[in-house]
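Each chain, letter by letter, is given below.
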Amino acid sequence: MKLCCIIFLFVLKGFFGNSFNEDCKNWSFTFDTSITALNGSCVEIPCTFSFPEGYREFNLIWYLYHFINYPQVFNKKQPSAVRADYTKLTSLVGNKTNSCTLRISQVENEGLFYPGINEDINSWHCNQKKTALVKIKDTPDEPLLSVPPNLTEGIPAPIFCTVEYTCPSYSPFLQWNKIGLKNVRHEDHEGYWKVISELLFEPTYIDDETQIKCTATYPNSQNTQKIYNLSIKCK
């Protein structure tokens, strides 16, 4: 057989060889295929997996896609196998048996990631080359500010400030420039999260033609803000 044909078959086997591996039977990995993270912050890739009944002893690994090898960014049982630039930056989130959610701290580089238990049983080979694309943005999005259209002196009104984020363990901190009762809640939207701060604002005549401002500060110390010009009606 000619050398070129041997090389072609070798490459073909490496690309497709395990795609229909019997080892994948009853293994499946579920996770978002795209998520955007703030540069220098952290990101969590929500993930669950199913496995054959009675199968309990296995390692959990996350790989960074590469066309000639299997670089690891997380290895539960063998941390020393992790690439140097991901050492101590990755961890699993959740304690359920079928959880494979990955957290990457101080994320700086975009990449394609995929979970598995070894080089043969993983989402690339068992779920039709499924990967999670982590994209990076350098600046955070502005908060969304929701203000009632009619504010009247002396009548309390709820004002909401909302931001999205990708790491529930380290959510942005929201701060107002006006006083009032505050309530903060978090919402899970499967792949991204929201933090919502409600300010119960009681306007006075002094607030007329001033600005209300909500500032979001992120774990990487970046901040962004949204400003609204107030118009207060008299009673």
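Relevant structure appears above.
Residues numbered from 1 in each chain as written. Predicted model: local features only at pLDDT ≥ 70, side-chain atom pairs only at ≥ 80, totals over all residues. Heavy atoms only, no water.

(A) Local environment of the nonpolar core. Residues Trp27, Ile45, Phe49, Trp62, Phe113 and Val134 are the most contacted members of the largest nonpolar core, which totals 30 residues. Secondary-structure elements contributing two or more residues to this core are β1 (28–31), β2 (34–38), β3 (43–45), β4 (47–50), β5 (61–64), β6 (72–75), β8 (101–104) and β10 (132–137). Ignoring sequence-local partners within four residues, the contact set of phenylalanine 49 consists of Trp27, Ser28, Phe29, Phe58, Leu60, Thr97, Asn98, Ser99 and Cys100. (Core = buried A, V, L, I, M, F, W, Y, C linked by side-chain atoms within 4.5 Å. Buried < 20%, exposed > 50% of the residue type's maximum accessible area, 1.4 Å probe, protein only. Helix = DSSP H or I, 4+ residues; strand = E, 2+ residues; numbered from the N terminus. Contact = heavy atoms within 4.5 Å.)

(B) Region of the structure containing the sheet that holds β3. With antiparallel pairing, the three strands of this open sheet are ordered in space as β3-β8-β7. The open sheet has two edge strands with one neighbour each: β3 and β7 (90–93). Within this sheet the neighbouring strands show an average axis-to-axis angle of 25°, counted without direction. In terms of strand pairing, β7 meets β8 through four bridges, oriented antiparallel. Bridged to threonine 90 within β8 is isoleucine 104. (Pairing = 2+ DSSP bridges. Axes fitted to C-alpha atoms, helices over the stretch in contact; angles between N-to-C directions.)

(C) Expanded view of the pairing of strand β14 (residues 173–176). What you see with β14 is a clean split: Leu174 and Trp176 sit on the buried side and Phe173 and Gln175 on the side with no burial. Relative to strand β17 (residues 211–217), β14 runs antiparallel, the two sharing four bridges. Within β17, the position partnered with glutamine 175 by the bridge is threonine 215.

(D) Expanded view of the pattern of salt bridges. By the definition in use, this model includes six salt bridges. With a shortest N-O distance of 2.7 Å, aspartate 85 and arginine 83 are connected by a salt bridge. Judged by relative accessible area, arginine 83 falls into the partly exposed class, the value being 31%. Between aspartate 207 and lysine 178 there is a salt bridge whose closest N-O contact spans 3.0 Å. With a gap of 29 residues between them, aspartate 207 in the loop between β16 (193–201) and β17 and lysine 178 in the loop between β14 and β15 (181–188) connect regions that are remote in the sequence. The buried category is assigned to lysine 178, whose relative accessible area is 13%. (Salt bridge = Lys/Arg side-chain N within 4 Å of Asp/Glu carboxyl O.)

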